[in-house]
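# Observations on chain architecture
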Amino acid sequence: RTRGSGKERPMKVYTFGDAEKPAVLLLPGTCCHWESNFGQIIPLLASDFRVLCVSYDGFDETERAEFPTMLEETAKIEDWIRANCGGHIRAAYGCSLGGSFVGLLAARGNIRMDFGILGGSDLDQASPLAAKLQTKLLLPLIYPLIRDGEFKLRFLRRRMAQRLEQDPEYTGAFMRLFVSARPYVSQRSCQSQFYSDLITPLPDGIDVPGTEIHIFYALKMGEKYRARYLQHFACPVIHELDLQHEELLVRFPERWAALVREIIAKGGTAR
């Protein structure tokens, strides 16, 4: 069997919980595996919701596909929701890059989503030329970590050791989310996902009747990200967290689940 573009087969979604309960869609981060990303929080939601975990093309060990583009993958997610959820989900949570998918799902309006939640997403965008340069620079550094579970270059291993010494709890938790040897993931899939995310525009002022957007804003990421959230979404509910990128998810899963439940149950107020 040879690797294909992914267009010839449906994208994979793993489901948990009662199919009759409200559906919560979970979208992994950049080059992440769905189970490493969400395995610890699935049991915290599955008792009350139908939990749907997207496994992106090119990042699932049971498939031989390649990641296409953000828009093609978004269309596949929409097709799956229409075919399996009647075109309506209660909520979608996007971890990092997954937040771009949440924004695209809301903006395109092809499915109904009551709540869209972005978790520490940077929403970086760049011109095709700048995106090509970034991808060409970063991919050789990152891909060995994805393929082999460790950095190839000595200076990166030293840097990671320093980060673990300085902040062992967060760095260790974050690396457990991201790092595992996945030789089935091709460099082409990583390149396509990284590059496509940078060049796929997210509209400004997204405002969809019936869809409430929430942002888990990690303050330690920097103030510029607040400006991005307010640029792309007309009325986001911003939950300020004195934490680092996706630290709530990776270090405090019970708090993460409680906040998601609170939002889904009755909306939410900025904090």
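Above this text you will find the structure in question.
Below, the structure is looked at part by part. Quick caveat, the model's predicted, so the values are computed rather than measured.

What counts, and where the lines are drawn
Residues numbered from 1 in each chain as written. Predicted model: local features only at pLDDT ≥ 70, side-chain atom pairs only at ≥ 80, totals over all residues. Heavy atoms only, no water. Pairing = 2+ DSSP bridges. Helix = DSSP H or I, 4+ residues; strand = E, 2+ residues; numbered from the N terminus. Axes fitted to C-alpha atoms, helices over the stretch in contact; angles between N-to-C directions. Contact = heavy atoms within 4.5 Å. Left-handed = near helix turned anticlockwise from the far one by under 90°. Nonpolar A, V, L, I, M, F, W, Y, C, P; charged D, E, K, R; others polar. Buried < 20%, exposed > 50% of the residue type's maximum accessible area, 1.4 Å probe, protein only.

### Here's the deal with the sheet that holds strand E1 (residues 12-16)
An order of E1-E3-E2-E4-E5-E6-E7 is seen for the seven strands of this open sheet, with the pairing classed as mixed. Each having just a single partner strand, E1 and strand E7 (237-241) make up the two edges of the open sheet. The mean inter-strand angle of the sheet, taken between neighbouring strand axes irrespective of direction, is 20 degrees. Pairing of strand E6 (residues 212-218) with E7 involves five bridges; the strand directions are parallel. Counted as the bridge partner of Ile215 is Ile238 from E7. Packed onto the sheet, helix H9 (residues 224-232) meets E6 and E7 and runs at close to 175 degrees relative to E6.

### Describing the packing of helix H5 (residues 128-148) against helix H8 (residues 187-199)
For any two helices packed against each other, one specifies the inter-axial angle together with the distance between the axes. Following both chains from N to C, one finds H5 and H8 inclined at 145 degrees, their axes separated by 9 Å at the closest point. Considering the relative orientation of H5 and H8, their crossing is right-handed. Touching Pro128, Ala131, Lys132, Gln134, Thr135, Leu138, Leu139, Tyr143 and Ile146 of H5 are Gln187, Cys190, Gln191, Phe194, Tyr195, Leu198 and Ile199, all from H8. For the contact of H5 with H8, the class distribution of residues is 11 nonpolar, four polar and one charged.

### Points about the pairing of strand E2 (residues 23-27)
For E2, the tally of buried residues reaches five of five residues, placing the bulk of the element in the interior. Burial along E2 is two-sided: Ala23, Leu25 and Leu27 and Val24 and Leu26, pointing in opposite directions, are all buried. Bridge analysis of E2 against strand E3 (residues 50-55) gives four bridges, and the strand direction is parallel. What sits directly across from Leu26, in E3, is Cys53. One ladder, built from four bridges, connects E2 with strand E4 (residues 88-95); its direction is parallel. Its bridge partner lying in E4, Leu25 is registered against Ala92.

### Considerations on the environment of Pro236
Counting through the fold element by element, Pro236 comes out in the loop between H9 and E7. Along the backbone, Pro236 and Gly119 are 117 residues apart, and their C-alpha atoms lie at a distance of 13 Å. The contact partners of Pro236, leaving out residues within four places of it in the chain, are Ile213, Ile215, Tyr229 and Leu230.

Keep in mind that these numbers describe shape and distance, not what the molecule does.
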